[in-house]
Structures are given as C-alpha cells and as structure tokens.
Amino acid sequence: MRESIKNNLSQLIEHAFQQFAQLPAYNFNEKSYSYSELDSISQTIANHLKEKYPNQIYIGVYAVKSFETFASIIGIIRAGKAFVPISPKFPPAKLQRIIEKSKIKTLIDLNSKITQQQKHTVYPAVEILNSVSTFSPQGSKVQPIEDTKPAYLLFTSGTTGDPKGVSINRNQLKNYLINISKIIPLQSTNRCSQTFELNFDLSIHDIFHTLIHGSSLFIPEENDLLSLGKYIQKNKISHLFCVPSLIKIMDKLRQIKKENLLSIEAVIFCGEALTTELVEKIQQAVSNSTKIINLYGPTESTIAVAYYIITNPVKNFNGIVSIGKIFKGNDVSFTAIENSAGLYELTINGNQVISNYFGEENDASKFYTDINGLVWYKTGDLVRKDEEDLIYFAGRIDEQIKWNGHRIETGEIEHYARNITGLEAVCFILPSDSKEQLCLVLEGELTTTPGSFRVALNNYLPAQLLPQQIVSLPQFPLNSNGKTDRKKIIEIISLKLNG
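Residues numbered from 1 in each chain as written. Predicted model: local features only at pLDDT ≥ 70, side-chain atom pairs only at ≥ 80, totals over all residues. Heavy atoms only, no water.

1. Considerations on unusual backbone geometry
Then step 1. At the junction of N312 and P313, the peptide bond is cis and its omega measures out at -5° in the coordinates.
Then step 2. Take P313: it is sitting in the loop between β14 (306–309) and β15 (316–317).
Then step 3. Look at S112: it is not a glycine, yet its phi comes out positive at around 50°.
Then step 4. When you line up the elements, S112 lands in the loop between β5 (106–108) and α5 (116–121). (Helix = DSSP H or I, 4+ residues; strand = E, 2+ residues; numbered from the N terminus.)

Below is the structure:
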C-alpha cells in the first residue's frame, strides 16, 4: 500500500489525479472516462462551490448514476464540503423531510433529471445547478481540507417514519479507506463493480476505494444486473462488491458459471446476512486464489467496521457466515440479552463510528458515554462470538431487517400503515420455502382494497418497501407483559399463508 494512504483525504484524492491521469476511472454503457476528465470536471465543480457558496457545508446531489453525478460527488469533497445523495426513487414526502433536516440550499443535477413540477413541489427553496458551463472559471487547485470536516450525510429509516441523519466526517472516511485497503488491496489495473444505489453507503466504498488506487469502476445498467454474470465476463471485472441478494438472483438465472467469473479476484459481500450455501456456490465457480470477504457495518460506523476473509471450512453459525473481527482503530463490547443465552447486543466505538445523529440531541437509546469518556454506539444487532473471538450476526433486537440489500426498520412501514388505516400493524419477512416476502399484518379489516392501500402507502415509501402480503387478524395476541406478541403473529401468519 502506498505511503500516501497515511495522508489526509484531500491529499489521497489529489495524489490519485496526479498519478493516474491517463487511466480509465469510470465505464458507463461501454464508454470510458479517464481520471483526467474526472479531475477537470470535479475541479470545476469544486471551485464553483467554494466561490459561490463559501458558507454552505452540505450540498445535495441528485443521485442518478452517471459520470456527471460521480464527478459532482468528488467535486463537493474537493471543495471541502459534504454531499447529500438525494434519491430519485424516494417518495416526495421523504425527500422533503430530508431536505428540511439537512437544510441543503443547493442541489447539483447535471443530468437535468428534476422536472419543473418537482422543482415547485419538492424543491421550491433549493437552488438547482444543472450546467457546468454556467459555473465559475476553473481556478487554482483546492488546498488540503481538514479531516474534521464532514464528508457526507445519509439518512436511515426511523421507527417513527422520520429519517435519521448520519454525518460522516473526512477522518472517519479516511480511516475506513486505510482499513479496507489493507483487507482488499487494489491496483490501477483492477476493474471493480458498482452495483449499489448512490444513497446506500456501500456505494461510497466503490467511489473512493477505487479512486485512491487508480482502479476502474464499472457501472452496470439495471438490465445488466439481470445478466450480471455476462456483464462480469464481458468487462473482465476483477472485484465484485454486492449484497448477497444480487448473487441469489444470479443463481436463479443460472449466471454463476466458471466461464462468467474467470476474471474475478475477489468477491465482497455486505449489507445483509450471508449464507454458507451462497458462499459454496460462488466457491465452485471461482478459482482457488479468489478471495471471498464478508463485511459488516451499520451506516453509523462508516460503511463497514468488521470483516471476515472466508476460509475453509467456512466459519458460520446456523448457516450464517461470520462477520469476523473489528477493524483496527475501532472496538466492540457485548451486552448480554436477557433470556437469550449466548446472544449479545453489539456495541461499537472508534475512529469510524459517529457519536450522535445529525442535528439531534443526545440519543440515549443509541449512544452512551463510558467512564473513560468514550462514546459507544448500540447497533441493535444480536450477535454471538466464539472461542476465536469471531463475531456472528444473529438478527435484530428491534425488528429492523435487511430487505433487498437495504437496511430498513419495520417500524417505518408500520408507522405509515397505522397513519393510513388507523389500525395497529406489524411488519416482518415471511419465511417461505420458495421466496421470502415482506408481510404486513393489520389488527382489523381494511376499509379499502389492498391495491388502494398500497397506492396510499407508496406516497410515503419507495416501491421496494411495499409489502407483498397484506393480511388481517381480528385481534393481535399479547405476551405475558401485555405487549403485542410479534413472534406469535409471525407463527400464525406463516401457518396461514404457508400451510
């Protein structure tokens, strides 16, 4: 690993542009863009932001996948500001809340995807920049930025339906890059995949890990993801980074073949529980020298904070692959869970972990300060550990779930369901021998059709969070404490729907 990795984030980026100018940075639709092109447009964006908006810290980016969007993200960072990805797939109500909470006043949309109607309804108080030609003339190179400043701001789901802001500073991002570069070293000849939505923090790994090493980032279109094996083969992808669900799709479409994966040097998983069955299928199709790596980390810990380089036999518990050990510079503690022998809540702190949510008072339910003054984040993840101190994910304390590769809280879906119907609601993943489904159970009967209810729910939730099954029970069972017995509900509905 180069010595420059020890410098601050600005120096890492500028060093990359100096060293890799003529190399390909991005590939979209078989068109390649060089680091020199990326340098030029991102520098123009950076200078414009510094000159015209010196007091604005957070700058929005309309998160459609394009060269211009990636250049906008890099430009914002080079300007010493923080980017806020604004997903076009979010419903208007959520977009408005994110804009309100982040207080962004400027949004970059160089692909001009925001309609005039959206400008008036969703972004009336936001200035939208959609043409580099109108930006200030390019000036001198920006100076190194202090790593204490924020780098990006993401919003997670909230149990009340109110998104929580996670602001990651430049030092936390740099520390992640230092750690991940040791675990997954890259060369300028490597070709890496970019499979995540840009509001998903795993996409930030793609952008910056490849950038500082001069590697090429290949961005498949949505239809390419349905033939990912062929895309990998055609573009000679060396590093595939994705959620396990994407590999499940590959498997269903019979795309996991040796001829498709000959170029693969590493397969990296993150975002949801990884099964041994999936690992075995990948192992059978890649060479013996291919690394398979399982990463773990909530958004609050800067992309990932634990890793397991998979060995044979695969370390697992009940078929779920270990998440391994914590990254250097970070630490873990284990809080025993009442009536759950061998299970703990994972709590983390360190140089990648935030100490509070954005713009909010101290959240004692998620953060606490120990006697040494260290702030710990309570992940809410249930884990086990073994005699080698390897960690194993075992589910969520608060019913937060992984669905289609995204971390969501069922409480957000339940919140909007209650608001629309006036009925109590419980949401969970319905187990099935064929295909898992997101199920919503209502206490009482809907006064409208399930279709109309989904349309109403879609005003607040993106399509991937809409339940496939909507079921009613006349009355929810209660546990011994008088609380809704979620486990019993799942048992009843599973029996009812699966027989």
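2. Examining the confidence of the model for the protein chain
A low pLDDT means the predicted coordinates there should not be read in detail.
Then step 1. Counting all residues, the mean pLDDT for the protein chain is 88, and 90% of those residues have values of 70 or more.
Then step 2. The weakest mean pLDDT in the protein chain belongs to strand β24 (residues 406–409) at 57; the strongest belongs to β14 at 98.
Then step 3. Considering only residues more than four positions removed or in separate chains, one finds that residues 1–5, a stretch of pLDDT under 50, has 15 contacts. (pLDDT = per-residue confidence, 0-100. Contact = heavy atoms within 4.5 Å.)

3. With respect to helix α7 (residues 202–213)
Then step 1. Compared with an ideal rise of 1.5 Å per residue, which puts twelve residues at 16 Å, α7 spans 17 Å between its outermost C-alpha atoms and is within 8% of the ideal.
Then step 2. With twelve of twelve residues buried, α7 is to be regarded as a mostly interior element.
Then step 3. With its phi angle positive at about 70°, G214 sits one or two positions after the end of α7. (Expected span 1.5 Å × (residues − 1). Buried < 20%, exposed > 50% of the residue type's maximum accessible area, 1.4 Å probe, protein only.)

4. Describing the sheet that holds strand β26 (residues 437–443)
Then step 1. On the basis of which strands lie adjacent, the open sheet formed by three strands has the order β25-β26-β27 and mixed pairing. The outermost strands of the open sheet, each flanked by one partner alone, are β25 (425–430) and β27 (469–473). Neighbour-to-neighbour, the strand axes of this sheet turn through a mean angle of 25°, independent of strand direction.
Then step 2. As paired strands, β26 and β27 are joined by five bridges and run parallel to one another. In the strand pairing of β27, L440 is matched with I470. (Pairing = 2+ DSSP bridges. Axes fitted to C-alpha atoms, helices over the stretch in contact; angles between N-to-C directions.)

5. A few points about the packing of aromatic side chains
Then step 1. Using the criterion set out here, one finds 18 aromatic pairs in the structure.
Then step 2. Ring geometry for F20 against Y35: centres 6.1 Å apart, planes inclined by 50°, an arrangement best described as tilted. In this pair, F20 is assigned in the loop between α1 (9–19) and β1 (24–28) and Y35 in helix α2 (residues 35–52), connecting sequence segments 15 residues apart.
Then step 3. Aromatic side chains Y26 and F28 sit 6.4 Å apart centroid to centroid with 65° between the ring planes, which places their arrangement in the edge-to-face category. (Phe/Tyr/Trp six-rings, centres within 6.5 Å; stacked < 30°, edge-to-face > 60°.)

6. A closer look at the packing of α1 against helix α3 (residues 67–78)
Then step 1. For the pair α1 and α3, the least separation of the axes is 10 Å and the interaxial angle reads 130°. On the basis of their axis angle, the class for α1 and α3 is oblique. For α1 against α3, the interelement crossing comes out left-handed. For the pair formed by α1 and α3, the contact residues are L9, I13, E14 and F17 on the first element and I74, I77 and R78 on the second.
Then step 2. The residue inventory of the contact of α1 with α3, partitioned by class, reads five nonpolar, no polar and two charged. (Parallel < 35°, antiparallel > 145°, perpendicular 65-115°, else oblique. Left-handed = near helix turned anticlockwise from the far one by under 90°. Nonpolar A, V, L, I, M, F, W, Y, C, P; charged D, E, K, R; others polar.)

7. Examining the pattern of salt bridges
Then step 1. Taken as a whole and assessed by the stated rule, the structure comprises twelve salt bridges.
Then step 2. The partner of K174 in a salt bridge is D147, with the nearest N and O atoms 3.6 Å apart. Placement of K174 in helix α6 (residues 170–183) and of D147 in the loop between β6 (127–129) and β7 (150–156) is noted, with a sequence separation of 27 residues between them.
Then step 3. Residues E491 and K488 are paired through a salt bridge, measuring 3.8 Å at the closest nitrogen-oxygen approach. Here E491 and its partner K488 are both found in helix α14 (residues 486–498), three residues apart, which amounts to about one turn of the helix.
Then step 4. It is possible to trace a salt-bridge network through shared partners that takes in E14, D39 and R78. (Salt bridge = Lys/Arg side-chain N within 4 Å of Asp/Glu carboxyl O.)

8. Points about the state of the cysteines
Then step 1. Within this structure, the stated rule accounts for zero disulfides.
Then step 2. The closest cysteine sulfur to the non-disulfide-bonded C427 is located on C439, 7.4 Å from its own sulfur. (Disulfide = S-S within 2.5 Å.)

9. Focus: the nonpolar core
Then step 1. If you look at the biggest cluster of nonpolar residues, it comprises 109 residues, and the most contacted ones within it are Y26, L38, F208 and L295.
Then step 2. Examining the composition of this core, we find that seven residues originate from one element, α3, more than from any other.
Then step 3. Sequence-distant contacts of L295, that is, excluding residues within four places in its chain, are made with Y176, I180, F241, I268, F269, C270, A304, A306, Y307 and F327.
Then step 4. Listed in part, the 20 residues of the second largest apolar core include V64, I114, Y123 and F155. (Core = buried A, V, L, I, M, F, W, Y, C linked by side-chain atoms within 4.5 Å.)

10. Focus: the environment of Q255
Then step 1. Here Q255 shows up in the loop between α10 (244–252) and β12 (266–269).
Then step 2. Here the alpha-carbon distance between Q255 and L226, two residues 29 residues apart in the chain, equals 9.1 Å.
Then step 3. If we skip the residues at most four places from it in the chain, Q255 touches S227, L228, G229, K230, M250 and N260.
Then step 4. For Q255, the side chain forms a polar contact with the main-chain nitrogen of G229, separated by 3.0 Å. (Polar contact = N/O pair within 3.5 Å; in protein donor to acceptor, adjacent residues only side chain to side chain.)

11. Focus on the packing of α1 against α6
Then step 1. Two elements in contact, α1 and α6, have axes whose closest approach is 9 Å; the angle formed by their N-to-C orientations is 55°. With respect to their mutual orientation, α1 and α6 come out oblique. Of α6, the residues touching α1 (which contributes L9, S10 and L12) are R170, L173, K174 and L177.
Then step 2. Here the contact of α1 with α6 is built from residues that sort into four nonpolar, one polar and two charged.

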